[in-house]
Amino acid sequence: MGRGTPVVTGAVRVLRAAVVPLALVGLTALAGVVLARVYAGGLLTGLVVGAAAGSVLVSVAARRLPSWLVAPVSVAAMAGWTLWSLRLAANRAELPGGLLEITGDAARNGIPRLLTAMIPVEPTPDTVLVPVVAAWLAGLAGAEVALRTGRVLLGYLPAAGLYAAALYVVGPNAAPAVGVTVAFVAVAAVGLAAPTGAAPAAVDPTAELAPRVRAAVRLRLAASAALGVALVVGLVALLGPVVAGQVDGRPVDPRRYVEPPQVQTLDENPLIRISGWALHPEQKLLDVSTERAGVSPPASGDAAPGAEPAGGGVRIRLAVLSDYDGVTWRVGATYRNAGRILPAAAPSRESTVETVRQQITVAELSGRLLPAVATPREVSGARVAYDPASGTLIRPEGLTPGLRYAVTSAAEQPDENLLASANVPAGEEVARVLRVADGVPDPMRRLAAQLAEENGAPFARALAIEQFLAEHYRVVADAPSGHAYPNLGFFLFGPRAGGGQEGTSEQFAAAFAVLGRLSGLPTRVVVGFRAGGQGPVLAGDAFAWPEVLFDGLGWVPFDPLPRPNEEPRPVEEDFRQTPEDPPPSEAPAPTVEPTASPEPVAAGDGPPGRGGVSTPLLVAGGSGGLLLLVGALLLTLLAMRRSLTRARLVQGDPGQRIAGAWREVTDALRLAGRPVGDDLAATEVAGHAREALAEARAGTAADSTTADGTTDGPAVDDLAALLNQVGFAPGAATPDQAARAAEVAMAYVNTLRSARPWWRRVLWSVHPTPLRRARRSRRSPG
């Protein structure tokens, strides 16, 4: 019995010594459990538990080493565990690339992708790097403080901070972590209750003092303890109600402070690319291989509106445009970084679903929008961001030739037997797709009203709009791009001999969507491609189509394009742009009789010529003098404006001339009614300049777009790049660059001015605003 006592005592000491390290491991691991509530699967929990255990075990094993040596050893171990975790996460997510490439990308984008990822977050290298490293560092700091100095409570602070950070990152995206929080408190209490074993047996420090001094010291210690207890109780009483009141409050979501991935300007309105693709129909955009499973045949022999192409073909969707301001249809989507598995939305209750699997290889398609059959459920081979509202994808890094990815989609097919009696939703949920911008032309309103009066049910109205467009208009490949109200008005009602009543699928889809909204139908425009089962997708396969939202059936596509080999009927046969004049009234016009005779006017006294200069001569002289004065003033302003332009573009070094060219562009924007703030970057101002030019051209015949969908005009972006060069590398500009800047600035100013009405062009040259701004800039320092 006596021999076993030392063994038992040693085991008890080992057990007591292990309580605090185990508590630190548990507290750090619980932070990972809290964070894993917004992750898919259990991989993150395992990686964080491993990091917690590894960091504490390294500190326990290195207790006899100097403190300055423990940190490098632990960091080396952390690097090994982190690299293994990143490789495991990459393999699970089926991400290509070497370990060095994966690690570098995760280090650069770990925090923003973690805060912009779609929930549930897939454990990928960039979403597990920060939690694993944070857990290891928290375990290292806590173990060194608690085990080396014996301050257990202070050693809990890193784990508590990590736990609070995990709660903040989760925010309102998971249920309250009540159970995990109770476990966290319990583990912390166990660690505090267990003796550390580092301190010797307790000795009364007042034992050797005189009795009177010992009593005074003990009294002071008791008073201090009582004061501390009272302070704690007071804080609990004061802060308790405040904390309790926040229990049911909605936590702040940190994701709202981080900007998610954005589409490029080219992708914000891909509808304008239709005309460019139509002019180059042989351009190869994609290679597609399609497999379909679970196909459900239609219930009747008639195809549904906008049904999938026959022969195994599918519609590959590129973008969904739901916002229209009377000028441009825009995507307006919010994309979140997503993993391989995308969030599954419940299909419409009255629709059948089939699984479509595609292997897609990018050829010459540019931008960030990633084509896929609606609605994608799984993507591999490419890192994507996803918008659940529209079911569309982007690749934040942009598309590159040779990019190959696989996508599995759940394609919905509505039951066409229910369409005739289906209703359309209303309310705030669909206000976005019902909004009609101001400025609708009256003929367009009357056409929508006529089609709606003759067809009461929502599906009948949509079908009437589809048939009207298909029967009265012609598809041509060389029609100019544009879908603003003036463009659509010319498309619908313009003279056929002058280019009206014909267009690309851009005008057909946009006109359907606007007429549908005017008829009370929630509509949107979709841009995509017709694709067969196998083979290339060419630019000629690109087209746009409208969709209408029906209750229980979801978004139903329509096809307003004319049928092949059918000659369109004149619009005037079925619709008059202006209402007929009402017949004249047969009642006789009332006669007005004079009520009094006019009073005679007395002649002036005295003979003529004695009263000085005649009134007509005075008026003529005054008017002529005023005209001369105004003309002199206008000529002076014109001369001063031209002198200012010449000084900006010709005088000074190349950097000053480039800055002067930029001021010419900003002055032109102000004269066009589109002023820009001084706080905007040069690239942002260039974007405003492009938009101003596009809006100025929208209602004129001069509107044109290039094949890549951008507005044809002066290269303002080149001028912005030169201005940035001058700002960041003074003295590096060359005379040739200054001459190029002057050429771009004058071309832009002349183009923007030429798009204005004639009287605005006259006022443009003599407007004093540029002179006042130039004077203020000379007075202000810098």
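You'll find the structure just up there.
S.K.: What should I look at first to understand the overall build of the protein in this one?
M.R.: Assigned secondary structure in the protein consists of 22 helices and 17 strands. Looking at the protein residue by residue over its 782 residues, the buried ones come to 42%. For the protein, contacts bridging at least 24 residues in sequence account for 77% of all contacts bridging at least 6.

S.K.: Whenever I open this one, the nonpolar core confuses me. Can you help?
M.R.: Burial of nonpolar side chains together is a common tendency in soluble globular proteins. Residues Trp277 and Phe550 are the most contacted members of the largest nonpolar core, which totals 83 residues. Of the residues forming this core, the biggest block, eight residues, is contributed by helix α15 (residues 505-518). Within the second largest apolar cluster, 49 residues are counted, among which are Leu24, Ala52, Val132 and Leu147.

S.K.: Explain the environment of Ala141 to me, please; I cannot follow it from the model alone.
M.R.: Position of Ala141 relative to the elements: it lies in helix α5 (residues 125-148). Using a relative accessible area of 33% as the deciding quantity, one classes Ala141 as partly exposed. Residues Ala141 and Val56 lie 85 residues apart in sequence; the distance between their C-alpha atoms is 9.0 Å.

S.K.: What is the right way to read the side chain of Ser55 from this model?
M.R.: One can find Ser55 in helix α2 (residues 43-61). Not counting residues within four places of it along the chain, the set of residues in contact with Ser55 comprises Ala135, Trp136, Gly139 and Leu140.

S.K.: Looking at this model, I keep getting lost on the sheet that holds strand β10 (residues 392-394). Mind explaining?
M.R.: Strands pair in a sheet through their backbones, by hydrogen bonds, and they do so in one of two ways: parallel or antiparallel. If you trace the four strands from one edge of the open sheet to the other, you get β5-β9-β10-β7, paired in antiparallel fashion. Only two strands of the sheet have a single partner each, and these edge strands are β5 (336-338) and β7 (369-370). Across three bridges, strand β9 (residues 384-387) lies against β10 in antiparallel orientation. Residue pairing in the sheet places Tyr386 in a bridge with Leu393 of β10.

S.K.: Explain a nonpolar patch on the surface to me, please; I cannot follow it from the model alone.
M.R.: Together, Trp758, Trp759, Val762 and Leu763 give the surface a local cluster of nonpolar side chains, amounting to about 470 Å² of exposed area. Relative to the helices and strands, Trp758 resides in helix α21 (residues 758-766). Using a relative accessible area of 62% as the deciding quantity, one classes Trp758 as exposed.

S.K.: Quick question: what am I supposed to make of the sheet that holds strand β6 (residues 351-362) here?
M.R.: With respect to topology, five strands assemble into an open sheet ordered β8-β11-β6-β1-β15, the strand pairing being antiparallel. Both outer strands of the open sheet, β8 (376-380) and β15 (534-538), are each paired with one neighbouring strand and no more. This sheet shows a mean twist of 25° between the axes of neighbouring strands, independent of strand direction. Across four bridges, β8 lies against strand β11 (residues 404-414) in antiparallel orientation. Residue pairing in the sheet places Val379 in a bridge with Val407 of β11.

S.K.: Help me out: how do you make sense of the packing of aromatic side chains in this one?
M.R.: By convention here, two paired aromatic rings are described through the distance between centres and the angle between planes. Going through the model one piece at a time under the given rule, you end up with 12 aromatic pairs. Where Trp277 meets Phe529, the ring centres are 5.7 Å apart and the plane angle is 55°; that geometry is what we call tilted. With Trp277 in helix α11 (residues 273-279) and Phe529 in strand β14 (residues 523-531), this pair connects stretches of sequence that are 252 residues apart. Residue classification places Trp277 among the buried residues on the basis of a relative accessible area of 4%. In this structure Phe529 comes out as buried when scored by relative accessible area, which is 0%. A network of ring pairs unites the aromatic residues Phe459, Phe512, Phe550 and Phe558 as a single cluster. In this arrangement the basic side chain of Arg315 is found over the ring face of Trp545, its NZ or CZ atom lying 4.8 Å from the centre. One Lys or Arg, Arg530, reaches over the ring of Phe543 and ends 3.7 Å from the middle of that ring.

S.K.: What is the right way to look at the packing of helix α20 (residues 735-754) against α21 in this model?
M.R.: Each packed pair of helices is defined by two parameters, the angle between the axes and the distance between the axes. Across the interface, α20 lies against α21 with an axial gap of 9 Å and an inter-helix angle of 140°. Side by side, α20 and α21 meet where Val749, Leu752, Arg753 and Ser754 of the first sit next to Arg761, Trp764 and Ser765 of the second. Split by residue class, the contact of α20 with α21 holds three nonpolar, two polar and two charged.

S.K.: It is not clear to me how the side chain of Glu122 should be interpreted in this structure. Could you clarify?
M.R.: Note that Glu122 resides in the loop between α4 (99-116) and α5. The residues contacting Glu122, other than those within four sequence positions of it, are Ala93, Thr127, Gly339, Arg340 and Ile341.

S.K.: Sorry, what's going on with the pattern of salt bridges here?
M.R.: Where side chains of opposite charge bring their charged atoms close, a pairing between them can arise. Considering all chains together, one arrives at 23 salt bridges under this definition. Two residues, Arg674 and Glu691, come together in a salt bridge whose shortest N-O distance is 3.6 Å. A residue pair is termed long-range when its members are at least 10 positions apart, and Arg674 in the loop between α17 (654-671) and α18 (682-698) and Glu691 in helix α18 qualify at 17 residues. On the accessibility criterion, Arg674 (23% relative accessible area) is partly exposed. Among the residues examined, Glu691 registers a relative accessible area of 38% and is labelled partly exposed. Linked through salt bridges whose partners overlap, the residues forming this network are Asp105, Arg108, Arg113, Asp126, Arg383 and Glu397.

S.K.: Honestly, the packing of α5 against helix α7 (residues 157-170) in this entry has me stumped. Any pointers?
M.R.: With their axes 7 Å apart at the nearest point, α5 and α7 run at an angle of 155° to one another. Between α5 and α7, the angle falls in the class roughly antiparallel. Two secondary-structure elements touch here, α5 through Ala134, Ala135, Ala138, Ala141 and Gly142 and α7 through Pro158, Ala159 and Leu162. Here the residues of the contact of α5 with α7 are counted per class, giving seven nonpolar, one polar and no charged.

S.K.: Looking at this model, I keep getting lost on the pairing of β9. Mind explaining?
M.R.: Two faces make up the sheet, and in a regular strand the side chains alternate between them. Along β9, one buried face is formed by Val384 and Tyr386 and the opposite face, lined by Ala385 and Asp387, is buried too. Across three bridges, the pairing between β5 and β9 is antiparallel. Across the sheet, the residue bridging to Arg336 is Tyr386, located in β9. Here β9 hands over to β10 after four residues, with Gly391 in that stretch at a positive phi of 70°.

S.K.: Help me understand the environment of Met78 in this model?
M.R.: Here Met78 shows up in helix α3 (residues 67-93). Measuring from C-alpha to C-alpha, the distance between Met78 and Leu140 comes to 9.8 Å, with 62 residues separating the pair along the chain. Once residues lying within four places of it in the same chain are set aside, the contact partners of Met78 are Val133, Trp136 and Leu137.

Analysis parameters
Residues numbered from 1 in each chain as written. Predicted model: local features only at pLDDT ≥ 70, side-chain atom pairs only at ≥ 80, totals over all residues. Heavy atoms only, no water. Helix = DSSP H or I, 4+ residues; strand = E, 2+ residues; numbered from the N terminus. Buried < 20%, exposed > 50% of the residue type's maximum accessible area, 1.4 Å probe, protein only. Contact = heavy atoms within 4.5 Å. Core = buried A, V, L, I, M, F, W, Y, C linked by side-chain atoms within 4.5 Å. Pairing = 2+ DSSP bridges. Patch = residues over 30% accessible without salt bridge, like charges linked within 9 Å, V, L, I, M, F, W, Y side chains within 5 Å. Areas by Shrake-Rupley, 256 points an atom, 1.4 Å probe, with all protein chains shown as cover. Salt bridge = Lys/Arg side-chain N within 4 Å of Asp/Glu carboxyl O. Axes fitted to C-alpha atoms, helices over the stretch in contact; angles between N-to-C directions. Phe/Tyr/Trp six-rings, centres within 6.5 Å; stacked < 30°, edge-to-face > 60°. Lys NZ or Arg CZ within 6 Å of the ring centre and 35° of its normal. Nonpolar A, V, L, I, M, F, W, Y, C, P; charged D, E, K, R; others polar. Parallel < 35°, antiparallel > 145°, perpendicular 65-115°, else oblique.

Nothing here speaks to function; it is all geometry.
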